[in-house]
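What the coordinates show
Okay, here's what each chain looks like letter by letter:
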Amino acid sequence: MWVSAKSSISNISLLSFRSHQNPFLSLPHISLPHSHSQSSQKTQVYCGIRELRERIDTIKNTQKITEAMKLVSAARIRRAQEAVINGRPFSEALVEMLYNINEQLQVEDIDVPLTNVRPVKKVAIVVITGDRGLCGGFNNLIIKKAETRMAELKNLGLDFTVISVGKKGNSYFRRRDDALVDRFIEGGTFPTTKDAQAIADDVFSLFVTEEVDKVELVYAKFVSLIKSDPVIHTLLPLSPRGVVSDVNGKCVDAMEDEFFRLTTKEGKLVVERDSVRTKREALSPLLQFEQDPVQILDAMMPLYLNSQILRALQESLASELAARMNAMSNASDNAVELKKTLSMAYNRARQAKITGELLEIVAGAEALRQLD
Amino acid sequence: MTLNLCVLTPNRIVWDSEVKEIILSTNSGQIGILPNHAPIATAVDIGILRICLNDQWITMALMGGFARIGNNEITILVNDAEKGSDIDPQEAQQTLEIAEANLSKAEGKRQTIEANLALRRARTRVEAITMI
């Protein structure tokens, strides 16, 4: 028993000696015969046992928090998606009626202020970001997109102003000393019609008083749970084909900027829209206007604006939640891995220490016995 | 013959069922809609919508929008709608008082317009409760 152990005693006794003297020196990354685990090559753990234990506890707590945040985000994404879906009937009905009314109005010469296409001199950019951090690169992406757009506009020689929605965007733009119009702190956790209305009122007054000639929305479009795209969407002026040109050429970014953009699942909804339109076609020639068509359009445009902005807010929220869910999921996985590595190191250290103590005792006993 | 009424807000569908008659407040006054009304399109003002259902009148506060009536199908699209029964009287009264205070404090054209709108909305909500 002792003979077989003797060959490795010298190694381990050295170890125990060293650890006895200086408990904070490293221990178990010396090549043990069965340590083919990659962790010992990748991460060298330079702590004593007590510190290792503390680190493991800390990481366990962190992992609990990130796991909880991930679950919370996952639950809220579903609510956000439901909100988007609930808003669809409204947008569909509105779009259809606008279309019908537009058709009827094309024979008359109506001047609708919100469709005025003017040569663009100043652009308002509405940037929608999130309120809290810990969501991966989400806020950064949006802000970068806005910045590139601003640089583009500057190159084209156009003036611009920024309306920032969301605490993260606000803090960024505040530090930048740009010319900002309004700063909104997102009201509450869920975008409501009141929030959308506040932004819409602002945008509306800016456009109608001809302070700006074009309003663009920068937000993250929700593509899927893992992917979201920052997009630029022209809000005003509403033009029949979605192509707004400035003094030179196309101002709008290359994307599907149709007049009536409905939802994320473009393909599905386009089909529905067509079918709905054919169903109601019979009504349009009979429709009478209770008031002036101008008044009616006046009532509908704010509705349309509101619904567009609300939808952008909801999609942005859904994207933010998805990004946070992914980031927290990665963080949880990393925490688990790190905990495993540290636990292994801790166990090796612990065992080495125990073995060392055992050997000391045995050696001491041996020595005493030999003296007898 | 009953009318099919659909009240939609950007958030959700507030009402979607059959009714006997409705009274709507528009920019040009109140209009009553009975079955087989001629198809019209109208703008809806901030005001009360009254719905007659099984000989009972239900009030709803609407915050401005648009309505389309045709072939016994009414679609009302509004920014916000609240059923009278869902509004808390205390809170509505408080909102009304706050709105009145804001109006007296408002300076500048834009603020006055906004304060006026807020006041009208608050007043509509209070009326929706008292009308029940």
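A quick note: this is a predicted structure, and the numbers were derived from the prediction, not measured.

1. Side note on the environment of Ser316 of chain A
Residue and element names in this part refer to chain A. Here Ser316 is to be found in helix α8 (residues 293-371). For Ser316, a relative accessible area of 2% translates into the label buried. Here the alpha-carbon distance between Ser316 and Gly130, two residues 186 residues apart in the chain, equals 7.7 Å. The residues touching Ser316, leaving out its near neighbours within four places in the chain, are Ile128, Thr129, Phe138, Tyr219 and Ala220.

2. Here's the deal with the UniProt feature "domain: ATP synthase F1 complex delta/epsilon subunit N-terminal" (unreviewed entry) in chain B
In this structure's numbering, the residues bearing the UniProt feature "domain: ATP synthase F1 complex delta/epsilon subunit N-terminal" (unreviewed entry) are residues 3-81 of chain B. Its end C-alpha atoms 19 Å apart, residues 3-81 of chain B is made of 0% helix and 76% strand.

3. Here's the deal with the layout of surface pockets
When its volume is computed, the largest pocket comes out at roughly 1,100 Å³. Every residue lining the largest pocket is counted, 36 residues in all, and those nearest its centre are Asp201, Phe204 and Pro302 of chain A together with Ile113 and Leu117 of chain B. Counting residues per element, the ones that place at least two in the lining of the largest pocket are β3 (180-184), α6 (193-208) and α8 of chain A together with β5 (40-53), β6 (56-70) and α2 (109-130) of chain B. Residue classes in the lining of the largest pocket are distributed as 15 nonpolar, 10 polar and 11 charged. Each of two domains, domain 1 (3-84) and domain 2 (87-130) of chain B, supplies a minimum of three residues to the lining of the largest pocket. Taken together, 27 residues make up the lining of the second largest pocket; nearest its centre are Lys194 of chain A together with Glu114, Leu117, Ala118 and Arg121 of chain B. Of all the secondary-structure elements, those providing two or more residues to the lining of the second largest pocket are β3 and α6 of chain A together with α1 (89-105) and α2 of chain B. Per-element tally for the lining of the second largest pocket: the top contributor is α2 of chain B, with 9 residues. Its residues placed into classes, the lining of the second largest pocket shows 10 nonpolar, 6 polar and 11 charged. Per-domain counts for the lining of the second largest pocket show at least three residues from each of domain 1 (3-84) and domain 2 (87-130) of chain B.

4. Details of the interface of chain A and chain B
Of the residues lining the interface, 33 residues belong to chain A; the matching set on chain B comes to 30 residues. Across the interface of chain A and chain B, roughly 2,600 Å² is buried in total on both sides, 59% from carbon and sulfur atoms. Considering only the surface of chain A that becomes buried against chain B, Phe90, Met97 and Glu290 of chain A emerge as the three largest contributors, covering 22% of it. Linking chain A to chain B there are 0 salt bridges.

5. Quick word on the packing of aromatic side chains
Residues and elements named next belong to chain A. Under the counting rule described, the total for this entry stands at 1 aromatic pair over all chains. Centroid distance Tyr172 to Phe173: 5.2 Å. Interplanar angle 80 degrees. Geometry classified as edge-to-face. Residue classification places Tyr172 among the partly exposed residues on the basis of a relative accessible area of 22%.

6. Observations concerning the pairing of strand β2 (residues 13-19) of chain B
Within a regular strand, side chains alternate between the sheet's two faces. Residue and element names in this part refer to chain B. Where strand β1 (residues 3-8) lies against β2, 6 bridges are found, and the strand directions are antiparallel. Paired with Val7 across the bridge in β2 is Trp15. Hairpin connection, β1 to β2: the antiparallel pair is bridged by 4 residues.

7. A few points about the pairing of strand β5 (residues 228-236) of chain A
Residues and elements named next belong to chain A. Among the 9 residues that make up β5, 7 are buried, leaving the element largely enclosed by the rest of the structure. Taken together, the 8 bridges between strand β4 (residues 214-222) and β5 define a ladder with antiparallel strand orientation. Note on β5: the bridge partner recorded for Tyr219 is Val231. Once β4 ends, the chain turns through 5 residues before running back antiparallel as β5.

The rules behind these values
Residues numbered from 1 in each chain as written. Chains lettered and ligands numbered in written order. Predicted model: local features only at pLDDT ≥ 70, side-chain atom pairs only at ≥ 80, totals over all residues. Heavy atoms only, no water. Helix = DSSP H or I, 4+ residues; strand = E, 2+ residues; numbered from the N terminus. Buried < 20%, exposed > 50% of the residue type's maximum accessible area, 1.4 Å probe, protein only. Contact = heavy atoms within 4.5 Å. UniProt positions renumbered as here; feature names shortened; annotations may be inferred. 1 Å grid on protein atoms, 1.4 Å probe; cavity = no way out; pocket = protein on both sides within 12 Å on 5 of 7 lines; lining within 4 Å. Points joined across faces, edges and corners; volume = space filled by probe spheres on them. Nonpolar A, V, L, I, M, F, W, Y, C, P; charged D, E, K, R; others polar. Domains from an automatic or database assignment. Buried area = accessible area lost by both parts, 1.4 Å probe. Salt bridge = Lys/Arg side-chain N within 4 Å of Asp/Glu carboxyl O. Phe/Tyr/Trp six-rings, centres within 6.5 Å; stacked < 30°, edge-to-face > 60°. Pairing = 2+ DSSP bridges.

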